[in-house]
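What follows is the residue order along each chain.
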Amino acid sequence: MPVVRVDQLGDYVGEEVVIQGWLYNKRSSGKIRFLEVRDGTGIVQAVLIKNAVAPEVFSAYDSLTQESSVIVQGQVRADPRAPGGYELGVSGIRIVQVAEDYPITPKEHGIEFLMDHRHLWLRSRRQHAILRIRSEVVKAARDWLDDHGFILIDAPILTPTAVEGTTTLFETQYFDEKAYLTQSGQLYMEAAAMAHGRVYCFGPTFRAEKSKTRRHLTEFWMLEPEMAYADLEEDMRVQEELVSYIVQRVLEKRRRELEVLEREISRLEKISPPFPRLSYDDAVELVNGVIRARQAAGEEAAEGAPGREEREPVAELLEWGDDLGAPHETIISNQYDKPVFVHRYPVQAKAFYMKPDPERPEVVLCADLLAPEGYGEIIGGGQRIDDYDLLRQRLMEHGLPTEAYEWYLDLRRYGSVPHAGFGLGIERTVAWICGLPHVREAVPFPRLLNRLRP
RNA sequence: UCCUCGGUAGCUCAAUGGCAGAGCGCCCGGCUGUUAACCGGGUGGUUGCAGGUUCGAGUCCUGCCCGAGGAGCCA
C-alpha cells in the first residue's frame, strides 16, 4: 500500500493509500465524522462513516486530539464538498501519539502568545505557506545568480570590526579578543569579486539596533552579490532582473500558498523590468510636494471631519542632504506599482565606501530599491570607491581605524577596478511578496528586540 | 532612547467606583456531509507587580515590570 503525500492525492483517485501526518482539526455530525489530517504538504479531509468502518476505527475519533500524530489508511476520492477537492474514505487508523491539550486552538490569538509558541505556530496554514514561499524566494534568487555567472562565496560571521562602522554590533568573546557578529558580507565579497568576477554570499546578518518596527529583526538573512567591472547602471539592471525573476517564480511555483495568504496576485504580476528610477533630488521634491498637498488638504479637512483617516505615517518636510525616513519611503513607493530605485543620495547620508558621482561629487553612485505597498527598502547597493587615496581619506573622515581596513585597502592597491554590488533583505522581500504585516512572520524563529526564544 | 496604546479564565475579549462575565478550548450528552461545524449541560479567576485614595477599586492616583504600534537607524 503506497504512502502518499497529500499534495499528490489527485494522482491516486480510486486507490487505497496511506497518509502519515497529524490531526489538524476534527468535526462530527454523529454517525459521520471528519478528520482534517495534515502531512506537511497539505491538508486532507478523512471521512469516517459509522456503518462503513470497523467500530474501533470509528471510535478512534474520540481519542484523537488536535495535533495528535496519526497514520490514516483509506480510499482516495474526489468530492467537491471536501476542502482541496479530494478526501479519504477511511478504512484504518493508527494513532502514533495522542497530543496533550494543544495550546493553539482554532480561534484567534494574540501575537505574543503565538510568538511564545512559534515552534508550534509553524504548523498553521498561514505560517506553513509563508515558509514555503520563503524557501522558493531563496531558491529562485540562487538559481538566477547561478545562471548568470555568479559564484557562491560564503562570508564569515565572526568579524573583528564593523563593516560600516555605524550600526551597533553584537559583541562576543573570541578567545583573547573581542569579536562581532557580521552586519554584512559586502567587504569580503569585494575581495571575492576580484578573484571570481561575479560573486554573492547568502547568510545571516546581525544588527544590535533597538529598532521596534514591522521592518526590523536583529538577525536577518541577506543576499549580497558583488560584481567586478560593473557600474551603478549595471547594478540596478541586475537588481530589477533578479527581483522580477524571484516574484515570477513564486507566482509560478507557490500560487497556492499565495492564495492561502489571500495575497493580491494581480499586484505581483505587474513586477517586471524595468523598474522606475528616481534621483534623490527628484525624490525630495516628490515627497515634499505630497507633504505640502496633504498639509493643505489636512487643514481644510480638519474643520469638518475630525475622524479622517490617516493611512500614511506623518512625515516631515525634507531638506536636501537629509536621509529618507520610513514615512518618506512609503510616500515614494505608493506612487508606483513596481519597486522603485532611488539613486544618487548625498554623500553625507551614506556609508564611507560609496563612490562619488564624477559629475556631481556631492552625491554618491548608490541606489536603494523600495518595495511597493509601504514595505520599504528591500535592497541597498551601489558602486564602491575604487581609488586608494579617496577610500583611505573616507575611512579617516568617518573615524574608522585604518589598520583594520588595510586588507580592504589592498583591493585598491592590487588591480583595482570599478565594481558594484547590493544587499537584498530576504525577510523584507518575503514579507512584501506574501503581503505580511510584519517581517517577524517571514523567518522561522525571529530574533527581535525582547525576543530571543524559542 | 523617545512617543502612543494595552495587560481580566489555558486563549480572544467584556464588565457607570457597587455580586468578575461571554465565546473558544477542555469534560459529558446529541446530530449520516461537516468546512474555525452546530445544539444542550459542566469545568475554569492571586484582574501584570507594589503602594495609595475610598464605606467599597478590574475600574481612580503614583511607581515599576511586560507587550504591541510608531520614530530614529537600517535590509
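In this text, all values refer to a predicted model and were calculated from it rather than measured experimentally. Numbering of residues starts from 1 in each chain and follows the order in which that chain's sequence is written. Throughout, the order in which chains and ligands are written sets their labels, letters from A for the former and numbers from 1 for the latter. Residue-level local features of this predicted model are given only where pLDDT is at least 70; pairs of side-chain atoms are given and counted only at 80 or more, and the full residue set underlies all totals for whole chains, interfaces and linings. As a rule here, side-chain values come from all non-hydrogen atoms in the structure, and water together with hydrogens is ignored.

Structural notes on the sheet that holds strand 13 (residues 340-343)
The pairing criterion for strands is at least two bridges between them, as found by DSSP. Helix numbers and strand numbers start at the N terminus; a helix is a DSSP run of H or I with at least 4 residues, a strand a run of E with at least 2. Taking strand neighbours across the sheet as the criterion, the 8 strands line up as 6-10-11-18-17-16-13-12 in an open arrangement whose pairing is mixed. A single partner strand is all that each edge strand has here, and the edge strands are strand 6 (151-152) and strand 12 (277-279). Direction of pairing for strand 10 (residues 198-206) relative to strand 11 (residues 219-228): antiparallel, over a ladder of 9 bridges. Bridged to tyrosine 200 within strand 11 is proline 225. Against the sheet, helix 10 (residues 326-333) makes contact with strand 12, strand 13, strand 16 (366-371) and strand 17 (376-383), and its axis sits at roughly 75 degrees relative to strand 16, the strand it touches most. Two residues qualify as a contact provided that any one of their heavy atoms is within 4.5 Å of a heavy atom in the partner residue. To get an axis, a line is fitted to the C-alpha atoms, and for a helix only the part in contact is used. The angle between two axes follows their N-to-C directions and goes from 0 to 180 degrees.

Topic: the pairing of strand 4 (residues 69-78)
In the sheet, strand 1 (residues 16-28) pairs with strand 4 via 7 bridges, with the strands oriented antiparallel. For glutamine 20, the partnering residue across the bridge sits in strand 4 and is isoleucine 71. Pairing of strand 4 with strand 5 (residues 86-97), which is carried by 10 bridges, proceeds in the antiparallel orientation. Of the residues in strand 5, the one forming a bridge with valine 70 is isoleucine 95.

Focus: the nonpolar core
As used here, the term nonpolar core means buried Ala, Val, Leu, Ile, Met, Phe, Trp, Tyr and Cys residues forming a set that is joined through side-chain atoms within 4.5 Å. Whether a residue is buried, partly exposed or exposed follows from its accessible area with a 1.4 Å probe, protein chains only, as a fraction of its type maximum: under 20%, in between, or over 50%, in that order. Within the largest apolar cluster, 54 residues are counted, with the highest numbers of intra-cluster contacts made by Ile133, Leu223, Leu242, Ile246, Leu258, Trp432 and Ile433. Counting residues per element, the ones that place at least two in this core are helix 4 (125-147), strand 11, helix 6 (232-253), helix 8 (265-269), strand 16, strand 17, strand 18 (419-425) and helix 13 (426-434). The contacts of isoleucine 433, once residues within four sequence positions are left out, are Ile133, Val137, Ile246, Val247, Val250, Leu258, Arg263 and Leu268. Counting 30 residues, the second-largest nonpolar core is a separate cluster that includes Val342, Cys366, Ile385 and Leu409.

Considering unusual backbone geometry
The omega angle of the peptide bond from proline 273 to proline 274 is -5 degrees, so this bond is cis rather than trans. Take proline 274: it is sitting in the loop between helix 8 and strand 12. Look at the link from arginine 453 to proline 454: it is a cis peptide, with omega at 0 degrees. When you line up the elements, proline 454 lands in the segment after helix 13. You will see that glutamate 67, though not glycine, has its phi angle at about 75 degrees, which is positive. Structurally, the position occupied by glutamate 67 is in the loop between helix 1 (55-63) and strand 4. Looking at glutamate 67, the relative accessible area reads 5%, which means it is buried.

Thoughts on the sheet that holds strand 7 (residues 158-159)
Read across the sheet, 3 strands follow the order 7-9-8 without closing on themselves; strand pairing throughout is antiparallel. Taken across any chain shown, the strands that pair with only one partner, and hence form the sheet edges, are strand 7 and strand 8 (171-174). Pairing analysis gives 4 bridges linking strand 8 to strand 9 (residues 177-181), with the strands arranged antiparallel. Counted as the bridge partner of glutamine 173 is lysine 178 from strand 9.

Observations concerning the side chain of glutamine 127
With respect to the helices and strands, glutamine 127 occurs in helix 4. Here glutamine 127 falls in the buried class, since its relative accessible area comes to 1%. The residues touching glutamine 127, leaving out its near neighbours within four places in the chain, are Arg118, Trp121, Leu122 and Glu441.

With respect to the packing of aromatic side chains
Here is the rule: rings of Phe, Tyr and Trp (six-membered ring for Trp) pair when centre to centre is within 6.5 Å. Planes less than 30 degrees apart are stacked, more than 60 are edge-to-face, and the remainder are tilted. Counted under the stated rule, the structure contains 11 aromatic pairs. Centroid distance tyrosine 188 to tryptophan 407: 5.0 Å. Interplanar angle 20 degrees. Geometry classified as stacked. A residue pair is termed long-range when its members are at least 10 positions apart, and tyrosine 188 in helix 5 (residues 186-196) and tryptophan 407 in helix 12 (residues 406-413) qualify at 219 residues. Tryptophan 407 sits in the partly exposed class, given a relative accessible area of 33%. Relative to tyrosine 408, the ring of tryptophan 407 has its centre 5.9 Å away and its plane inclined at 70 degrees; by these criteria the two rings are edge-to-face. Taken together, the aromatic side chains of Tyr188, Phe352, Tyr353, Tyr405, Trp407 and Tyr408 make up a single cluster linked through ring pairs. Two conditions define a charge sitting above a ring: the NZ of Lys or the CZ of Arg must be within 6 Å of the ring centre, and it must be within 35 degrees of the ring normal. Above the plane of the ring of tyrosine 61 lies lysine 26, whose end atom (NZ or CZ) is 4.4 Å from the centre. For the cation-ring pair, lysine 350 lies above tyrosine 345, with the distance from its terminal atom to the ring centre recorded as 4.2 Å.

Things to note about the protein's contact with RNA strand B
The rule for a residue being near a molecule or strand is that one of its heavy atoms must lie within 4 Å of it. In the vicinity of RNA strand B there are 54 residues, among which Asn25, Asn51, Pro106, Arg207 and Arg214 approach most closely. Those atoms of RNA strand B that come within 4 Å of the protein belong to sugar or phosphate at a rate of 52%. Separating a sugar or linking oxygen of RNA strand B from a backbone N or O atom of isoleucine 378 is a distance of 2.7 Å. Any pair of N or O atoms that falls within 3.5 Å is considered a polar contact. Within protein, one atom must be able to donate a hydrogen and the other to accept it, and sequence-neighbouring residues count only if both atoms are side-chain atoms. Between RNA strand B and the protein, one listed contact pairs a phosphate oxygen with a side-chain N or O atom of asparagine 450 at 3.5 Å. Counting residues per element, the ones that place at least two in the surface near RNA strand B are strand 1, strand 2 (32-38), helix 2 (111-116), strand 11, helix 10, strand 17 and strand 18. Ranked by residues supplied to the surface near RNA strand B, first place goes to strand 17 with 4 residues. Any residue that is not Ala, Val, Leu, Ile, Met, Phe, Trp, Tyr, Cys, Pro, Asp, Glu, Lys or Arg is counted as polar, Gly included; the first ten are nonpolar and the last four charged. Classifying every residue of the surface near RNA strand B gives 14 nonpolar, 19 polar and 21 charged.

Concerning the domain arrangement of chain A
You can read the domains of chain A as domain 1 (6-97) and domain 2 (119-293 + 317-442). What marks off one domain from the next here is an automatic or database domain assignment. Relative placement of domain 1 and domain 2: their C-alpha centres are 46 Å apart. At the interface, 7 residues of domain 1 touch 5 residues of domain 2. Among the residues of domain 1 in contact with domain 2, Tyr24, Arg38 and Gly40 are the three that bury the most area, contributing 52% of the side total. Should a side-chain nitrogen of Lys or Arg be within 4 Å of a carboxyl oxygen of Asp or Glu, the pair is scored as a salt bridge. Counting across the interface, domain 1 meets domain 2 through 2 salt bridges. Of the charged contacts, one joins arginine 125 and glutamate 36 as a salt bridge, the two residues approaching to 3.3 Å between their closest N and O atoms. At the boundary of domain 1 and domain 2, one finds 5 residue pairs in polar contact (both at pLDDT 80 or more). We define buried area as the total accessible area lost by two parts upon association, computed with a 1.4 Å probe and summed across both.

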